[in-house]
Amino acid sequence: MYLCSVMSKEDHINYWLKAAEADYKAVFQLFENSSYPQCLFFAHLTIEKLLKAFWVRDNVDNIPPKTHNLSYLLVQTNLDFLEKDQQFFAAFNQFQLEGRYPDYQFAIYERLNNEETSKWLEQFKYYQDFLRSTIASKV
């Protein structure tokens, strides 16, 4: 249960990290089952929750904004990424829409396959690992 008023900043950060870890595990189960849109939806959730942990770390408040936009969350942290990295986060935003709205989901079914999803997952793993190791070293 997410009890905002009784949790410390560290508790809030750990809440987001734990939630991200659960989604991370689902990513690869979905990939193994060839559920490519859902796989990348959960990959997006993982990155989103990691960025929310950074948001809590880098802001006075402990409750991050209710948004799924990775670029928006990123600019509200003290993380310093290159333009190419920021472009990845902006492009990865497409996968949060496909998971939430069926018309987008049907469109992505047509273009996602094992090869395309694997390419996205390779980048996803890089950023997931980087974010997780960075926050672990500074909490």
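Please refer to the structure higher up on the page.
Below you will find a few notes about this structure. All figures in this text were calculated on a predicted structure; none of them were measured in a lab.

Basis of the calculations
Residues numbered from 1 in each chain as written. Predicted model: local features only at pLDDT ≥ 70, side-chain atom pairs only at ≥ 80, totals over all residues. Heavy atoms only, no water. Phe/Tyr/Trp six-rings, centres within 6.5 Å; stacked < 30°, edge-to-face > 60°. Helix = DSSP H or I, 4+ residues; strand = E, 2+ residues; numbered from the N terminus. Buried < 20%, exposed > 50% of the residue type's maximum accessible area, 1.4 Å probe, protein only. Contact = heavy atoms within 4.5 Å.

### Observations concerning the packing of aromatic side chains
- Scanning all chains against the criterion turns up 18 aromatic pairs.
- Taking 6.1 Å as the distance between ring centres and 65° as the angle between the ring planes, the aromatic pair formed by phenylalanine 81 and tyrosine 127 counts as edge-to-face. Of this pair, phenylalanine 81 sits in the loop between α3 (70-75) and α4 (83-92) while tyrosine 127 sits in helix α7 (residues 114-136); the two residues are 46 residues apart in sequence, bridging distant segments of the chain.
- Look at phenylalanine 81 and you get buried, because its relative accessible area is 10%.
- Between the aromatic rings of phenylalanine 92 and phenylalanine 95, the centroid separation amounts to 5.3 Å while the plane-to-plane angle is 70°, which identifies the pairing as edge-to-face.
- For phenylalanine 92, a relative accessible area of 0% corresponds to the buried category.
- On the accessibility criterion, phenylalanine 95 (0% relative accessible area) is buried.
- One aromatic cluster is present, built from ring pairs that chain together Tyr24, Phe28, Phe81, Phe88, Phe89, Phe92, Phe95, Trp120, Phe124, Tyr126, Tyr127 and Phe130.

### A look at the side chain of threonine 134
- Inspection of the secondary structure puts threonine 134 in helix α7.
- Residues within four places of threonine 134 in sequence aside, it is in contact with Phe54 and Leu79.

### What about the environment of tyrosine 24?
- Relative to the helices and strands, tyrosine 24 is located in helix α1 (residues 9-32).
- Residue class for tyrosine 24 comes out buried when judged on its relative accessible area of 18%.
- Placed 23 residues apart in sequence, tyrosine 24 and isoleucine 47 show a C-alpha to C-alpha distance of 8.9 Å.
- When residues no more than four places from it in sequence are discounted, the contact partners of tyrosine 24 are Thr46, Phe124, Lys125, Gln128 and Asp129.

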